[in-house]
Amino acid sequence: MRRRSVDEVDGAGRPRVIAAVLAGGVGARMGADTPKQFLPLAGRTILEHAVAAFEACPDVDEIIVLMVDEYVPRAEKLLADAGFAKLTRVLPGGATRTDTSVAALAAVSGAADDDLVLLHDAARPLVSPATVSACVAALARADAVGVAVPSADTVVRVVEGPGGEAVAEVPARSSLRRMQTPQGFRLGTVRRAYALATADPGLVATDDCGVVLRYLPEKEVRIVSGEETNIKVTNPGDVEVAEALLRRSRGDAPLHEAAP
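The structure reproduced in this document is the subject of the present report. Residue indices follow the written sequence of each chain, beginning from 1 at its first position. It should be noted that, the model being predicted, local features are given only for residues of pLDDT at least 70 and side-chain atom pairs only at 80 or more, the latter also being counted only at that level, while totals for whole chains, interfaces and linings use all residues. Only hydrogens and water are removed before side-chain values are computed, so all heavy atoms of the structure are retained for them.

### What about the overall build of the protein chain?
Our working rule: Segments assigned H or I by DSSP are reported as helices when at least four residues long, segments assigned E as strands when at least two residues long, and all are numbered from the N terminus. Buried residues are those whose accessible area, probed at 1.4 Å on protein chains only, stays under 20% of the maximum for their type, while exposed residues exceed 50% and partly exposed ones sit between those limits. Here a residue-residue contact requires only that any non-hydrogen atoms of the pair lie within 4.5 Å. The Shrake-Rupley method, run with a 1.4 Å probe, gives the accessible areas here. Residue values count only the displayed protein chains as cover.
A count of helices and strands for the protein chain gives seven helices and eleven strands. The proportion of buried residues among the 260 residues of the protein chain is 46%. Once local pairs closer than 6 in sequence are excluded, the contacts in the protein chain between residues at least 24 apart make up 73%. Approximately 12600 Å² of the protein chain is accessible, and the part contributed by carbon and sulfur atoms is 53%.

### Some remarks on the packing of aromatic side chains
Both the distance between ring centres and the angle between the ring planes are used here to describe each pair of aromatic rings. We count it as follows: Pairing of aromatic rings covers Phe, Tyr and the six-membered ring of Trp, with a centre-to-centre limit of 6.5 Å; geometry is then stacked below 30 degrees between planes, edge-to-face above 60, and tilted otherwise. Any Lys NZ or Arg CZ found within 6 Å of a ring centre and within 35 degrees of that ring's normal is scored as a charge over the ring.
On inspection of all chains with the given rule, the structure shows one aromatic pair. A ring pair is formed by Phe38 and Tyr71, whose centres lie 5.8 Å apart and whose planes are at 50 degrees; its orientation type is tilted. Placement of Phe38 in the loop between β1 (17-23) and β2 (40-41) and of Tyr71 in the loop between β4 (62-67) and α2 (72-82) is noted, with a sequence separation of 33 residues between them. On the basis of relative accessible area, Phe38 is assigned to the buried category, the value being 5%. Lying across the ring of Phe38, Arg74 places its NZ or CZ 4.1 Å from the centre.

### Section: the environment of Asn235
One can find Asn235 in the loop between β11 (221-225) and α7 (236-249). Asn235 sits in the partly exposed class, given a relative accessible area of 38%. As a C-alpha pair, Asn235 and Lys36 span 199 residues in sequence and 9.5 Å in three-dimensional space.

### Looking at α2
Heads up, the condition is: By definition, the arc is the one covered by directions from the helix axis to the C-beta atoms.
For α2, the full list of buried residues reads Val72, Ala75, Leu78 and Leu79. Down the axis of α2, the buried set is contained in an arc of 130 degrees. They therefore lie on one face. Set apart from the buried face of α2 by more than 90 degrees, the exposed residues are Pro73, Lys77, Ala80 and Asp81. Buried residues belonging to α2 abut β3 (44-45), α1 (46-56), β4 and β5 (87-92). Immediately downstream of α2, the backbone of Gly83 shows phi near 75 degrees, a positive value.

### Notes on unusual backbone geometry
Here the bond from Thr181 into Pro182 is cis, since omega is 15 degrees, no more than 30 degrees from zero. Relative to the assigned elements, Pro182 resides in strand β10 (residues 177-186). Even without glycine at this site, Ala42 takes up a positive phi of about 50 degrees.

### Some points on the packing of helix α3 (residues 97-107) against helix α5 (residues 187-198)
Threshold: Each axis is a line fitted through C-alpha atoms, and for a helix only the stretch in contact is used; angles between axes span 0 to 180 degrees, taken between their N-to-C directions. What sets the label is the angle itself: under 35 degrees gives roughly parallel, over 145 gives roughly antiparallel, 65 to 115 gives roughly perpendicular, and the rest give oblique. The hand of a helix crossing depends on one turn: near helix anticlockwise from the far one by less than a right angle means left-handed, and clockwise means right-handed. Note on residue categories: nonpolar means Ala, Val, Leu, Ile, Met, Phe, Trp, Tyr, Cys or Pro, charged means Asp, Glu, Lys or Arg, and polar means any other residue, Gly included.
As a packed pair, α3 and α5 sit with axes 11 Å apart at the nearest point and diverge in direction by 130 degrees. Taken together, the axes of α3 and α5 are oblique relative to one another. Here the hand of the crossing between α3 and α5 comes out left-handed. Mapping the contact onto sequence places Thr98, Ser101, Val102 and Leu105 in α3 and Leu187, Val190, Tyr194 and Thr198 in α5. A class-by-class count of the residues in the contact of α3 with α5 yields five nonpolar, three polar and no charged.

### Here we look at the pattern of salt bridges
Between side chains of opposite charge, pairing is possible as soon as their charged atoms come close. Rule in force here: Just to be clear on terms, a salt bridge is a Lys or Arg side-chain nitrogen sitting within 4 Å of an Asp or Glu carboxyl oxygen.
Enumeration over the complete set of coordinates arrives at 13 salt bridges. Between Asp61 and Arg14 there is a salt bridge, and its shortest N-O distance comes to 2.8 Å. Of this pair, Asp61 sits in the loop between α1 and β4 while Arg14 sits in the segment before β1, and the two are 47 residues apart along the sequence. Residues Glu62 and Arg89 are paired through a salt bridge, measuring 3.4 Å at the closest nitrogen-oxygen approach. Linking Glu62 in strand β4 with Arg89 in strand β5, this pair joins segments that are 27 residues apart in sequence. A residue is classified by how much of its surface remains accessible, and Glu62, at 10% relative accessible area, is buried. Among the charged side chains, a salt-bridge network with shared partners connects Arg16, Glu62 and Arg89.

### Here's the deal with the layout of surface pockets
Rule in force here: Lining residues are defined by having an atom within 4 Å of a point belonging to a cavity or pocket. Those points lie on a 1 Å grid over the protein atoms alone, cavities being sets where a 1.4 Å probe fits but cannot get out and pockets being open sets with protein on both sides within 12 Å along at least five of seven lines. Grid points are joined across faces, edges and corners, and a volume is the space filled by probe spheres set on the points.
Roughly 230 Å³ of volume is contained in the second largest pocket. Lining the second largest pocket are 14 residues, with Pro125, Leu126, Val127, Leu246 and Ser249 sitting closest to its centre. When contributions to the lining of the second largest pocket are tallied by element, the ones reaching two or more residues are α1 and α7. Ranked by residue count, the leading element in the lining of the second largest pocket is α7, at four residues. Of the residues that constitute the lining of the second largest pocket, the class distribution is six nonpolar, four polar and four charged.

### Overview of a nonpolar patch on the surface
Let me state the cut-off plainly: In this analysis, a patch consists of residues with relative accessible area above 30% that form no salt bridge, clustered at 9 Å for like charges and at 5 Å for the nonpolar side chains Val, Leu, Ile, Met, Phe, Trp and Tyr.
There is a patch of nonpolar side chains on the surface, built from Val156, Val158, Val167 and Val170 and spanning about 320 Å² of accessible area. For Val158, the position within the fold is in strand β8 (residues 157-161). On the basis of relative accessible area, Val158 is assigned to the partly exposed category, the value being 37%.

Below, the structure is given as structure tokens:
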């Protein structure tokens, strides 16, 4: 059967686009007493910034958030107070990144295989609506897409040598990319990939495109050009970098007191 294109799928003229913001981690490396998703960043929390990008993107129909279980009520109140119209649910995430992706797919089990899902790490609060739209546009011609930027650093593959780690290979930098999120999929594709992955006792996954690549090797994972500003907030210093990037994007507007 011929796959329906984005222009053919439903009465609205396109498939439904669901964004799942994955905030299931506790961010232990931040050293904070609450998950890093609640840390203040230029007047809003990191979580609010991440959700806001999908709220502002006209291509996104619905947003769900997957949160650390015990913090679901706090996230629900925070996001309700922020007034995100597209947000429909805040649900518990899993113990691992993979478990949280599986929980997100379970949450959209009623959506059609032709619908689109965008899986995004809440720890990337500076993703732009333009990048989100680029992912949706790319899924008109692909079943899986990942946002990536060229590697400015030389990356080496290492092996364990007699005296410690040793360089085994220096891949050509021109062919290397640094992956970001969101990562987007036709729901039927990512569902099949995760069904196979979760049945594999040897599953080790760090991102969703990698799961599709490993378990559905016949599927091409397309690359969407990302932005260097789409950083991942992992360590305490990353918050300062994100603050500086936000100030620059706002024309050096003064920062306001952070949200509680």
